[in-house]
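What follows is the residue order along each chain.
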Amino acid sequence: MQISCDINGKAYTRHIEPDLVLIDFLRDLGFLSLKQGCDTTNCGLCTVWVDGTPRLSCAMLAAGIQGRQITTIEGVEKEAAAFGQFLAAQGADQCGFCSPGFIMNVLAMERELTDPSDDQIKHYLAGNLCRCTGYAGQMRAITLYLGARKGELSCE
Amino acid sequence: MFGLKEYRVAQSLDQADQLLHEHKNNVILGGLLWMRMGRKNYHTGIDLSQLGLDRILETEEAIEIGCMTRLRQIETSGILDACFGRVLADAVSHIVGVQFRNAATMGGSVFSRFSFSDVVTALLALETHVHLYRGGILPLETFLESSPQRDILVKLSLKKKAWKTSYQSHRMTATDFPVLAAAISCCEDRWRISLGARPSRAKLATKAAALLPKKPDAAQIAAACDQVVEEMSFGGNQRGTREYREILAKVLVKRGVEAVCR
Amino acid sequence: MRIVNTAVPKVDAMALVTGKPVYTDDLAPKNCLIVKLLRSPHAFAKICDMDTAVAAQMPGIACVITHRDVPRHRFTMAGQSYPEPSPYDRLILDQIVRYVGDPVAIVAGTTEKEVEKAMREITVSYEVFEPVLDPEKALDHPSVIHPEKDWHVNFDIGSQVERNLCCSGGFESGDTGAEFSASDVIVDEVYHVKANSQAMMETFRTYTYLDHNNRLTIVTSTQIPFHIRQIAARALGIPKQNIRVIKPRIGAGFGAKQTLISELFPAIVTLTTGKPAKIVFDRTESFIGSTSRHEMIIRVKVGADKEGKLLAIHLHTLSNTGAYGEHAPTTVGLSGHKTLPLYNKAKACKFSYQVVYTNTMSAGAFRGYGATQGTFALESAMNELAAKLGMDPLTLRLKNLLEEGEILTAYHGEKLNSCALEACIQKGREMIGWEKKFPCVRISDTKVRAVGAAITMQGSSIPNIDMAAVEVRLQDDAYYTLMIGATDMGTGCDTILAQIAAECLECELDKIIVSGVDTDHSPYDTGSYASSTTFLTGMAVVKACERLKGKIIRAAGLRLKTDPAALAFDGRAIFNDNEKDDEKNRINLDDLAKSLVVGAGHCLSATASHSSPVSPPPFMAGFVEIEMDLETGKTHVIDYVGVVDCGTPINPNLARLQTEGGIVQGIGMALFEDITYGKTGKMMNNSFMQYKIPSRLDLGEIRVAFQSSYEPAGPFGAKSIGEVVINTPAPAIAHAITNACGIHLRTLPMTAENILMKIREKQ
Ligand SMILES: Cc1cc2nc3c(=O)[nH]c(=O)nc-3n(C[C@H](O)[C@H](O)[C@H](O)COP(=O)(O)OP(=O)(O)OC[C@H]3O[C@@H](n4cnc5c(N)ncnc54)[C@H](O)[C@@H]3O)c2cc1C
Ligand code: FES
Ligand code: FES
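Parameters and conventions
Residues numbered from 1 in each chain as written. Chains lettered and ligands numbered in written order. Predicted model: local features only at pLDDT ≥ 70, side-chain atom pairs only at ≥ 80, totals over all residues. Heavy atoms only, no water. Pairing = 2+ DSSP bridges. Helix = DSSP H or I, 4+ residues; strand = E, 2+ residues; numbered from the N terminus. Buried < 20%, exposed > 50% of the residue type's maximum accessible area, 1.4 Å probe, protein only. Contact = heavy atoms within 4.5 Å. Domains from an automatic or database assignment. Buried area = accessible area lost by both parts, 1.4 Å probe. Salt bridge = Lys/Arg side-chain N within 4 Å of Asp/Glu carboxyl O. 1 Å grid on protein atoms, 1.4 Å probe; cavity = no way out; pocket = protein on both sides within 12 Å on 5 of 7 lines; lining within 4 Å. Points joined across faces, edges and corners; volume = space filled by probe spheres on them. Nonpolar A, V, L, I, M, F, W, Y, C, P; charged D, E, K, R; others polar.

J.: Explain the sheet that holds strand E6 (residues 123-128) of chain C to me, please; I cannot follow it from the model alone.
T.: Strands belonging to one sheet form pairs held by backbone hydrogen bonds; the direction of such a pair is parallel or antiparallel. Residue and element names in this part refer to chain C. As summarised here, the arrangement of the 3 strands in space is E4-E2-E6, forming an open sheet in which the pairing is antiparallel. One side of each edge strand has no neighbouring strand; the edge strands of this open sheet are strand E4 (96-97) and E6. In this structure, strand E2 (residues 45-51) lies alongside E6, joined through 6 bridges in antiparallel fashion. Each residue of the ladder has a partner; that of Ile-47, found in E6, is Tyr-126.

If you want it as structure tokens, here you go:
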């Protein structure tokens with residue numbers, strides 16, 4: 001079957017198998033930032049935005065994105081780098097395998113919640129597993145980043 | 001991952017129904033979170049996303065939840081909050097994560113009749129009706145007990161009443177399936193006690209609920225808790241033994257009733 | 001120090017946070033054959049017959065490989081220096097399958113769908129044997145798991161395979177019998193640590209191809225590129241020189257990738273077909289077809305006098321190595337050798353062990369490597385002893401603690417040259433608020449808060465065995481390339497080693513380019529395990545940089561026609577050390593470097609190797625505050641304080657993150673992580689849906705502090721940190737549980753149900 005969609009601001013039309021999974025579709029197109037960490041839809045590594053909403057690309061069919069807008073970290077590289085600097089300043093990017101999905105969800109959270117409390121942040125990001133960092137460094141990075149976005153602090 | 005020969009976006013419920021019955025290997029696609037784990041080969045997958053069934057609507061007497069409504073909408077809906085308190089939000093907010101709940105649908109969650117379901121446990125404590133395309137409208141209790149038929153769950157409707165509610169669950173980790181889940185509601189002086197993940201499918205403890213007056217005292221609550229264990233069966237699985245679930249049942253019901261009274 | 005001991009960001013940070021394609025599967029060519037494994041449904045069986053003819057003829061299928069087609073050299077998959085102490089008890093595919101998931105056939109084809117389809121067409125008939133699933137019943141079980149004649153071991157490790165005994169041993173110092181008799185108080189209990197999964201986010205994956213000279217290239221997510229080369233050579237029966245191993249960025253390992261797991265399957269497909277091939281384990285395979293932490297059942301007997309002076313300790317470990325003996329003799333050793341030395345003052349100590357084979361997945365390396373299991377047992381026993389003595393558990397520790405300068409009897413007689421453990425305990429006690437909170441505070445009818453503590457040590461590299469070589473090259477724009485064989489697996493060793501080099505060469509960090517590991521180009525390194533990288537490879541970097549500095553000065557001497565002895569180097573220029581203004585005798589490094597690559601120049605590069613006769617232990621004191629729901633048993637860690645002595649932290653941020661990550665893994669292990677097998681030996685929790693690792697909602701605050709000693713044998717005083725950090729949570733939380741409600745849990749994990757049922761039993 002044929003689908004057309006928008007990925008990171010560019011139009012794509014492709015022939016696909018009806019059961020092609022979105023993550024495989026996107027990786028095949030060269031969006032290699034996407035990572036798969038599980039077969040049970042509960043690690044968060046494969047997070048992308050579909051029409052601006054964070055979704056798991058391992059649990060969507062490419063067929064289902066007809067006419068929709070997909071955003072991967074490649075499409076928000078500047079923002080990712082801006083937040084990434086805060087992560088790096090904490091040393092909280094360890095193996096980095098969880099980073100693309102995690103960062104996409106952090107940026108989605110930033111758009112969706114205003115002035116979230118620590119608990120709200122943790123709750124929003126609960127579906128992003130990380131086996132390396134123990135999460136505390138990520139939390140410090142997020143707090144400093146959100147503060148900086150409000151003009152309060154720098155990444156140091 | 002499951003296999004699919006064809007993908008069809010239904011243009012009407014009629015068409016979806018027709019497609020579903022065209023071939024015994026055709027299937028309705030919900031949020032795919034559960035289906036994704038299967039390895040079955042289907043013929044046609046039927047996408048309901050273009051039918052406007054992803055909404056929560058308020059009518060005179062009920063709240064209607066379309067089958068393609070996502071769990072995240074349930075969690076953030078002001079309408080549901082106003083009518084039912086936090087019971088539905090609390091029931092879904094533990095489920096995996098935001099990205100997951102942006103996808104998982106109410107239709108998939110209810111139609112699957114999962115025994116571990118938080119969603120079903122909470123809905124059961126409210127007066128919920130299931131609207132099936134072929135099977136008509138039936139109370140959730142009846143739906144849960146009926147054997148699975150090939151049909152489309154179109155929407156759910158929940159009676160608007162002066163509900164006071166509470167949701168309690170015990171989990172081994174914050175985003176795991178519940179070891180046991182309890183939803184408690186009270187409307188006027190009628191209580192409903194729903195227990196899920198026993199580990200079998202959610203059910204109402206009607207006798208225990210009947211023991212509770214409008215403002216129960218500690219002894220009455222304790223008696224109702226004992227009755228819960230008396231009238232319901234509990235079992236063991238990887239997440240807990242029968243004995244532990246029986247203990248939990250009393251604790252969760254007690255806490256739920258107390259929370260409703262507060 | 002300018003750069004060492006500062007929290008610089010990791011050198012690869014920006015690539016990782018912007019999602020650059022740097023991992024194995026991102027780099028694999030698109031035309032790779034897809035390789036998949038048919039796995040055994042039985043825990044113990046012999047393959048009688050196998051029909052692959054239909055599958056092999058199916059569209060897209062390139063080859064189907066069975067036990068009939070593989071070389072017959074037994075080998076171990078453990079990544080260890082040759083001759084490996086782990087027994088050679090594996091084949092790539094064997095006629096006997098020994099656990100549910102043991103590979104039976106390798107299928108390769110053009111697409112995943114085709115391969116999966118073909119796999120369904122393979123028929124296998126098995127003669128099924130009674131599996132051995134309980135390690136306590138393994139010894140002399142009628143089922144002998146390794147009956148093969150060619151089972152081989154390079155050393156005497158005390159094995160009796162016909163009894164399912166993989167290895168055994170022990171030692172005694174002093175007369176424990178007599179000291180126990182003299183003891184006023186004795187604790188004698190059995191502790192049980194279950195198998196856990198490393199569960200790194202990137203599952204096992206490898207791709208292989210033949211280069212233009214028909215050499216096999218293996219690109220793989222591993223901690224041990226050089227050992228992969230060694231194992232592959234033996235297993236495939238080809239010379240090492242025909243194999244090249246490349247390690248890209250890897251999505252963590254935690255020890256899981258210190259064992260060869262996925263590499264040989266595409267390798268043999270490539271050798272068979274001549275085509276590039278790739279295997280990516282899904283999460284289920286990653287759980288069921290790799291290695292886990294060794295389950296250990298540890299009996300601890302501790303005796304003390306009335307004042308709390310330790311007289312004797314005896315630790316006996318029964319370890320379950322599963323179907324194969326990867327890391328069996330070494331992990332079990334650490335359960336004693338990295339715990340008993342903490343109480344070096346005890347008059348006598350004894351350690352004995354047995355490691356048995358069972359029909360479950362092979363155990364292997366996992367952060368902590370046996371020390372974790374031993375620490376849970378010994379530290380729990382120490383806490384129980386303190387309670388029996390009516391003594392504060394920290395006072396008991398301080399009274400018996402090892403000290404700098406002591407010869408550590410249970411640690412191969414090594415002298416302890418750096419130790420700030422006492423300061424760690426004091427600091428942690430303050431941070432957690434021990435005086436106010438010990439043992440517990442009731443906060444409501446149903447909730448109680450309690451504290452608990454434990455201490456631990458690990459090592460830094462395997463003495464006299466681990467080896468690291470590095471090469472530093474001066475490049476013509478006055479920057480350096482640092483060639484290492486150590487593998488950064490997210491731990492940040494590329495950054496840490498660059499920091500050390502920049503410090504030594506007195507340059508900025510961005511002047512050091514660290515290249516990834518490629519066995520054709522990188523100097524030899526045993527790999528990143530045994531907490532060796534910072535300590536060992538770091539020291540090699542120090543040595544190599546010193547050598548290179550010497551060479552730079554000599555080269556400058558030649559250019560300047562001056563005696564190099566009079567010259568000095570400050571990172572930017574080489575100049576007359578006595579006469580700073582002597583412009584004639586001054587040359588910028590940049591100019592020197594450029595001139596060296598023209599005509600009769602002489603490229604400057606220095607290599608150095610390092611191995612260490614000692615393995616200086618890092619230390620940690622862990623303190624926990626929990627909140628327990630007395631009606632459900634639910635226990636939440638609300639605060640965890642870890643105070644670490646890792647010597648000089650080369651990069652305090654990365655050291656902190658190692659600690660936080662290790663603590664959280666330890667909390668998962670303590671409270672819920674648990675690999676369980678069903679009645680037929682099938683792993684019950686083989687996905688993230690069933691095997692839960694901590695999410696960010698499962699934790700309270702994690703606080704880390706450093707109390708640094710200075711280790712003379714390490715680079716800039718550094719020791720290791722990667723492993724020691726996982727050891728304290730289990731015993732500290734067990735202690736807090738006791739303090740909350742008076743029960744003793746001696747089996748992990750300590751789930752809410754186990755807690756509640758024990759409370760009820762007590763009542
Ligand atoms: C890892 C994981 C953890 C989970 N944890 C929890 C938990 O803690 N608590 C909890 O309550 N739930 C939990 N769930 C279940 C989850 O919340 C959803 O209920 C589940 O994923 C099904 O919803 P879906 O929209 O993804 O349905 P799908 O997977 O798309 O479909 C499920 C089934 O329902 C059918 N179906 C879907 N929509 C309709 C319809 N409108 N009419 C008829 N048939 C339909 C499909 O054909 C399919 O057979 C978990 C699921 C996973 C994968
Ligand atoms: S890969 Fe794990 S949630 Fe998508
Ligand atoms: S950094 Fe490795 S999984 Fe998160």
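J.: How should I be thinking about the pairing of strand E1 (residues 2-7) of chain A in this particular structure?
T.: All names here are of chain A. Residues Ile-3, Cys-5 and Ile-7 line the buried face of E1, whereas the alternating positions Gln-2, Ser-4 and Asp-6 sit on a face that is not buried. Both E1 and strand E2 (residues 10-15) contribute to a ladder of 6 bridges, which runs antiparallel. Across the sheet, Ile-7 pairs through a bridge with Lys-10, a residue of E2. The loop that links E1 with its antiparallel partner E2 comprises 2 residues; one of these, Asn-8, has a positive phi angle of about 50°. Pairing of E1 with strand E5 (residues 69-71), which is carried by 2 bridges, proceeds in the parallel orientation. By the bridge assignment, Ile-7 is partnered in E5 with Ile-70.

J.: What am I meant to see in the side chain of Thr-40 of chain A here?
T.: Of note, Thr-40 of chain A is situated in the loop between helix H1 (22-28) and strand E3 (47-50). Judged by its relative accessible area of 8%, Thr-40 of chain A is buried. Ignoring any residue separated from it by four or fewer positions in sequence, one finds Thr-40 of chain A in contact with Met-37 of chain B together with Ser-687, Phe-688 and Met-689 of chain C.

J.: Is there a simple way to think about the domain arrangement of chain B in this case?
T.: For an interface, size is often stated in terms of accessible area lost upon the parts coming together. Residues and elements named next belong to chain B. Domain parsing of chain B yields domain 1 (3-47), domain 2 (56-159) and domain 3 (164-261). When each unit is reduced to the centre of its C-alpha atoms, the spacing between domain 2 and domain 3 is 20 Å. Across the contact, 22 residues belong to domain 2 and 25 residues belong to domain 3. Summing both partners gives a buried area of about 1,800 Å² for domain 2 against domain 3, and 56% of it is carried by carbon and sulfur. Its largest share of buried area at the contact with domain 3, domain 2 owes to His-94, Phe-116 and Thr-121, together 29% of the area lost on that side. Counting the contacts that link domain 2 with domain 3 gives 2 salt bridges. Measuring nitrogen to oxygen at the nearest pair gives 3.1 Å for the salt bridge that ties Glu-141 to Arg-192.

J.: I keep staring at empty space enclosed by the protein and nothing clicks. Help me out?
T.: Gaps between atoms show up when a probe of the same size as a water molecule is rolled over them. All names here are of chain C. Inspection of every chain in the model, using the stated rule, returns 10 cavities of 30 Å³ or more. Within this model, the largest cavity holds a volume of roughly 180 Å³. Along the wall of the largest cavity there are 20 residues; nearest its centre are Met-77, Arg-90, Ile-92, Pro-103 and Phe-265. Every element with two or more residues in the lining of the largest cavity is listed here: E4 and helix H7 (264-273). Along the lines of polarity and charge, the residues of the lining of the largest cavity split into 14 nonpolar, 2 polar and 4 charged.

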